[in-house]
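Next come the chains, spelled out residue by residue.
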Amino acid sequence: MMTTHSKRTLRRRTLGLLVASAIAGASVIAPLAQAQDKKVVRIGYQKYGTLTLLKGRGTLEKRLAPQGVTVQWTEFPAGPQLLEGLNVGSIDFGTVGEAPPIFAQAAGAALVYVGNEPPSPHSEAIVVPKDSQIKSVAQLKGKRVALNKGSNVHYLLLRALEQAGVAYKDIQPVYLPPADARAAFERGAVDAWVIWDPFFAAAQKQLGARVLADGKGLVANHQFYLASRDWARANPALQQVLLEEIGKVDDWGRDNAKEVTAILAAQTGLEPAVVALAASRYSYGVKPVSDQVLREQQKIADAFASLKLIPKPIAIKDAVLASAK
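Residues numbered from 1 in each chain as written. Predicted model: local features only at pLDDT ≥ 70, side-chain atom pairs only at ≥ 80, totals over all residues. Heavy atoms only, no water.

Draft legend 1. How the structure looks around the overall build of the protein chain. Each helix and strand counted, the protein chain has 13 helices and 10 strands in total. Out of the 325 residues in the protein chain, the part that is buried amounts to 50%. Sequence separation of at least 24 residues holds for 80% of the intrachain contacts in the protein chain that already meet a minimum separation of 6. For the protein chain, the exposed area adds up to about 15,800 Å²; of that, 55% sits on carbon and sulfur atoms. (Helix = DSSP H or I, 4+ residues; strand = E, 2+ residues; numbered from the N terminus. Buried < 20%, exposed > 50% of the residue type's maximum accessible area, 1.4 Å probe, protein only. Contact = heavy atoms within 4.5 Å. Areas by Shrake-Rupley, 256 points an atom, 1.4 Å probe, with all protein chains shown as cover.)

Draft legend 2. The sheet that holds strand 1 (residues 39-45), seen in detail. Here we have five strands laid out as an open sheet, ordered 2-1-3-10-4, and mixed in their pairing. The open sheet has two edge strands, strand 2 (69-75) and strand 4 (111-116), and neither has a second partner. Each neighbouring strand pair of the sheet contributes to a mean axis angle of 25°, computed without reference to strand direction. As judged from the two bridges shared by strand 1 and strand 3 (residues 93-96), these two strands associate in the parallel manner. By the bridge assignment for strand 3, I43 is matched with F93. Across the sheet, helix 10 (residues 236-254) touches strand 1, strand 2, strand 3, strand 4 and strand 10 (224-228), and the angle it forms with strand 1 is around 45°. (Pairing = 2+ DSSP bridges. Axes fitted to C-alpha atoms, helices over the stretch in contact; angles between N-to-C directions.)

Draft legend 3. The pattern of salt bridges, seen in detail. Applying the stated rule across the entire model yields 12 salt bridges. For the salt bridge of K47 with E75, the shortest nitrogen-to-oxygen distance reads 3.7 Å. Here K47 is found in the loop between strand 1 and helix 2 (50-57), whereas its partner E75 is found in strand 2, with 28 residues between them in sequence. Among the residues examined, E75 registers a relative accessible area of 39% and is labelled partly exposed. E244 serves as the salt-bridge partner of R63, at 2.7 Å between the closest nitrogen and oxygen. Taken as a pair, R63 in helix 3 (residues 59-64) and E244 in helix 10 lie far apart in primary sequence, 181 residues in all. Each of R63, E244, E245 and K248 takes part in one network of salt bridges that share partners. (Salt bridge = Lys/Arg side-chain N within 4 Å of Asp/Glu carboxyl O.)

Draft legend 4. Summary view of the sheet that holds strand 8 (residues 192-196). Judged by pairing direction, the sheet is mixed, and its five strands sit side by side in the order 7-6-8-5-9 without closing on themselves. Each end of this open sheet is capped by a strand with a single partner; those strands are strand 7 (172-175) and strand 9 (210-214). The average undirected angle you get between the axes of adjacent strands in this sheet is 30°. Inspection of the sheet shows strand 6 (residues 144-147) paired to strand 8 by two bridges, in the parallel sense. Looking at strand 8, one finds that V145 is bridged to A192.

Draft legend 5. Examining the side chain of S123 more closely. Looking at the secondary structure, you find S123 in the loop between strand 4 and strand 5 (124-128). For S123, a relative accessible area of 6% translates into the label buried. Within the local environment of S123, its side chain forms a polar contact with the side chain of S120, the two groups lying 2.6 Å apart. Residues in contact with S123, not counting those within four places in the same chain, are I195, W196, D197, F200, N221, R281 and Y282. (Polar contact = N/O pair within 3.5 Å; in protein donor to acceptor, adjacent residues only side chain to side chain.)

Draft legend 6. Broad picture of the environment of A167. In this fold, A167 is placed in the loop between helix 6 (152-164) and strand 7. Through-space distance from the C-alpha of A167 to that of K141 is 8.1 Å; in sequence the pair is 26 residues apart.

Draft legend 7. Main features of the pairing of strand 3. Of the two faces of strand 3, both are covered, the one formed by F93 and T95 as well as the one formed by G94 and V96. Bridge count for strand 3 against strand 10 is four bridges, and the pairing is antiparallel. Of the residues in strand 10, the one forming a bridge with V96 is F224.

Draft legend 8. Structural view of the packing of helix 8 (residues 199-207) against helix 12 (residues 272-280). Where helix 8 contacts helix 12, the two axes come as close as 8 Å, and the packing angle between them is 135°. Judged by the angle between their axes, helix 8 and helix 12 are oblique. Crossing of helix 8 over helix 12 shows right-handed handedness. Contacts between helix 8 and helix 12 involve A201, A202, Q204, K205 and Q206 from the first element and A273, V274, L277 and A278 from the second. When the residues that make up the contact of helix 8 with helix 12 are grouped by side-chain class, the tally is six nonpolar, two polar and one charged. (Parallel < 35°, antiparallel > 145°, perpendicular 65-115°, else oblique. Left-handed = near helix turned anticlockwise from the far one by under 90°. Nonpolar A, V, L, I, M, F, W, Y, C, P; charged D, E, K, R; others polar.)

Draft legend 9. Fine view of the packing of aromatic side chains. Applying the stated criterion across every chain yields a total of 10 aromatic pairs. Ring plane angle 45° and centroid distance 5.5 Å describe the contact between F185 and W193, whose orientation is recorded as tilted. As far as burial versus exposure is concerned, F185 and W193 are alike and both buried. What links up through ring pairs into an aromatic cluster is the set Y48, Y282 and Y284. Here the basic side chain of R57 rests over the ring of W252, its NZ or CZ set 3.9 Å away from the ring centre. (Phe/Tyr/Trp six-rings, centres within 6.5 Å; stacked < 30°, edge-to-face > 60°. Lys NZ or Arg CZ within 6 Å of the ring centre and 35° of its normal.)

Take a look at the structure:
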């Protein structure tokens, strides 16, 4: 039979084992908890533009490192694919043109506008092969026109056709991503191609593509920065840092054309001559999205809705956080 002294000794030993076990468990859990606390901002970018320049310079990583935040970059072939990634939760933040967020919002994506670059109408165009008999946008009637559906150039095509008096239904749109569209353009499977930089510059430099019309007088061609709604709500300070670093790169890029060309050529794998031409048409200067820019976006959304290119009308203001309106 166990004595009172023995019982007390057993209890002390048991308590000691429990405390030791707790300390040992804490030593295992603590590093795991610290790892889970590490933040990652996931950024989607395309083969050109300020985010590509930001990635190449590495200044965002340096700014965020003291805060324990790392950066994960994912390249997308075009804006619609990037926003699909945003919608399914594979990225938090990214940049696209005017049309992709409209198509994404109409499809139910939970995105918000957080900033934009100034207009850059010369950075996109309708091009034809150098030996094409097509001399004007009006002559696109009945022709096969390649474009990435839902990208910025979709609206350029609508406006150019409207100005030329050609109904959208009177052309044959061929929806292809840039790489496939270029292949179709080169082999003559399409009559025209609506495309943006740097693919536009590559078509000019490498294929001798001739411009039927660019965005001047037709579209603004803003580049927008967008974020997942949940991420934007949860990370206002981090979002502000991103916009500040984008602004710094814009300021630097405006005055350092040769360095911009070198970085973008290295990041994209494109010829320096192609990158230099594309960069010469770029507009720098990120700003918060203004009411005027939102009104311009609404006009684009209404145009797509009227042609039933999106499934329903949308209100652009619904894709702006209340505090930012």
